[in-house]
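Report on the structure
These are the residues of each chain, in order.
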Amino acid sequence: MRPIAAPLLQWFQANKRLLPFRQEPSAYHIWVSEIMLQQTRVSAALPYYERFVAELPDPAALAACDPDKLRKLWQGLGYYSRVANMQKAAQIVCRQYGGQLPADYAALRALPGIGDYTAGAIASIAFGIPAPAVDGNVLRVFARLDNSSADITKPAAKREFTARVLEEMPKERPGPYNEALMELGALVCLPNGAPKCEVCPLAAQCRGRAAGRAEQLPVKTAKPEKTLVPVTAALITGPQGVLLQRRPSKGLLAGLWQPLAFEGTAMTQPELDAALHAIGLCVQWQAPLQSTRHVFTHRIWQISGFCGTAAGPAPEGCVWASRAELNGEYAVPSAFAGIMRQWRPGKKASRVAWLLTGEEIFRRPCCGEWCGITLIPEPFCVKNLQGKDCIHPVNRV
């Protein structure tokens, strides 16, 4: 096989995306971008990246940042342990390296939250160190390039492909080479049987394409089926706002805020009422919540529950939050975004439910249509939502 570096780098120069962390490729900017881009698309991460580096422009600012503010900056990106580890690493950088990321692969690799790939990306792009940066994109490119049936989820296969990355790497340009491989995987050598071989700069060298197997590669073990976990949420509002509960300081979504929630159980309204009575809350219940689902790496939360109103002091571990405080101070994970969107300050909470779920069904006396409660202040019947003119009050059957 002919060397791939020359055509790859030529293609990269002509086709690379203009991304902010490429315009200012400092070690800190590369670090922040690479951590954000784990499990997150570039288009989704960019607004977070720009806000993050504007608020926290260097490791010293990150190290000193209030943890609640840090979680709020990260809100929506998920995998919050990433930013917690970033702060731990920044604190070490400030103590041991004068506030600058070290220009050494092993020292980078030793920092919390920095693995082989991220260390290789920072070392090669920021410091010109010939270190490989092998992520899923790069594994896919080389599996197809070599027509390899090695299972890329296995450590042995990753070692094999890492050696191939180093073998092809031009030692004078390791950073652009690593970036080019990542970009090729992101833009051309696409996953799920959809490679754009017709525009690939390495098509002539690609053994997988020559064998007619590019769409079937790479080989990887199917992920185990995710566990479905029921979660019951209570969206409680009152004169002071919405009631939020702090999650434990360790574990999933550590330290974030959420509506009152009980994992591992789908409660009835009486069961939920009893659980809240036990922590001193007397709730006036109003309507079921629209159920939502959130997918984590190894589990799926199926979230259902009820909304209601209460007054008085917040229970231990909870706060009342106004809309402004919710938007500006309290980081609520996206797992509960669908629940929190059902809070409509100033609207009658008894109207907050959803259309056509089978949970709440009514017949209109004016037209005989069956309808459900909607997320608008007054429930419009099905006929009206289809463009007709029935907007009369509902009668419960």
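Refer to the structure above for everything that follows.
First things first, this report covers the structure right here in the doc.

So, on to the overall build of the protein. Helix and strand counts for the protein come out as 17 helices and 10 strands. Scored against the burial criterion, the 397 residues of the protein give a buried share of 48%. Considering only contacts in the protein between residues 6 or more positions apart, those separated by 24 or more positions represent 64%. With an accessible surface of roughly 19300 Å², the protein has 52% of that area assigned to carbon and sulfur atoms.

Quick look at the environment of Leu9 now. The topology assignment puts Leu9 in helix H1 (residues 5–15). With 170 residues separating them in the primary sequence, Leu9 and Glu179 have C-alpha atoms 9.2 Å apart. Other than its neighbours up to four places away in sequence, Leu9 contacts Pro170, Arg173, Pro176, Tyr177 and Ala180.

Right, let's get into the environment of Gly264. Relative to the elements of secondary structure, Gly264 occurs in the loop between strand S3 (257–263) and helix H14 (269–277). Look at Gly264 and you get exposed, because its relative accessible area is 51%. For the pair Gly264 and Gln302, spaced 38 residues apart in sequence, the C-alpha to C-alpha distance is 9.5 Å. Each residue touching Gly264, except ones within four places of it in the same chain, is listed here: Val229 and Pro230.

Counted as a void, the second largest pocket has a volume near 210 Å³. The wall of the second largest pocket is formed by 13 residues, among which Gln75, Leu326, Val332, Ala337 and Met340 lie closest to the centre. Looking at the lining of the second largest pocket, the elements with two or more residues in it are helix H15 (323–328) and helix H16 (337–340). A breakdown of the residues in the lining of the second largest pocket according to their chemical character gives six nonpolar, four polar and three charged.

Mapped onto the secondary structure, Val32 falls in helix H3 (residues 27–36). C-alpha separation for the pair Val32 and Met86, spaced 54 residues apart in sequence, amounts to 8.3 Å. Non-local contacts of Val32, meaning those with residues more than four positions away in its chain, are made with Tyr49, Phe52, Val53 and Met86.

Reading the values: the criteria
- Residues numbered from 1 in each chain as written.
- Predicted model: local features only at pLDDT ≥ 70, side-chain atom pairs only at ≥ 80, totals over all residues.
- Heavy atoms only, no water.
- Helix = DSSP H or I, 4+ residues; strand = E, 2+ residues; numbered from the N terminus.
- Buried < 20%, exposed > 50% of the residue type's maximum accessible area, 1.4 Å probe, protein only.
- Contact = heavy atoms within 4.5 Å.
- Areas by Shrake-Rupley, 256 points an atom, 1.4 Å probe, with all protein chains shown as cover.
- 1 Å grid on protein atoms, 1.4 Å probe; cavity = no way out; pocket = protein on both sides within 12 Å on 5 of 7 lines; lining within 4 Å.
- Points joined across faces, edges and corners; volume = space filled by probe spheres on them.
- Nonpolar A, V, L, I, M, F, W, Y, C, P; charged D, E, K, R; others polar.

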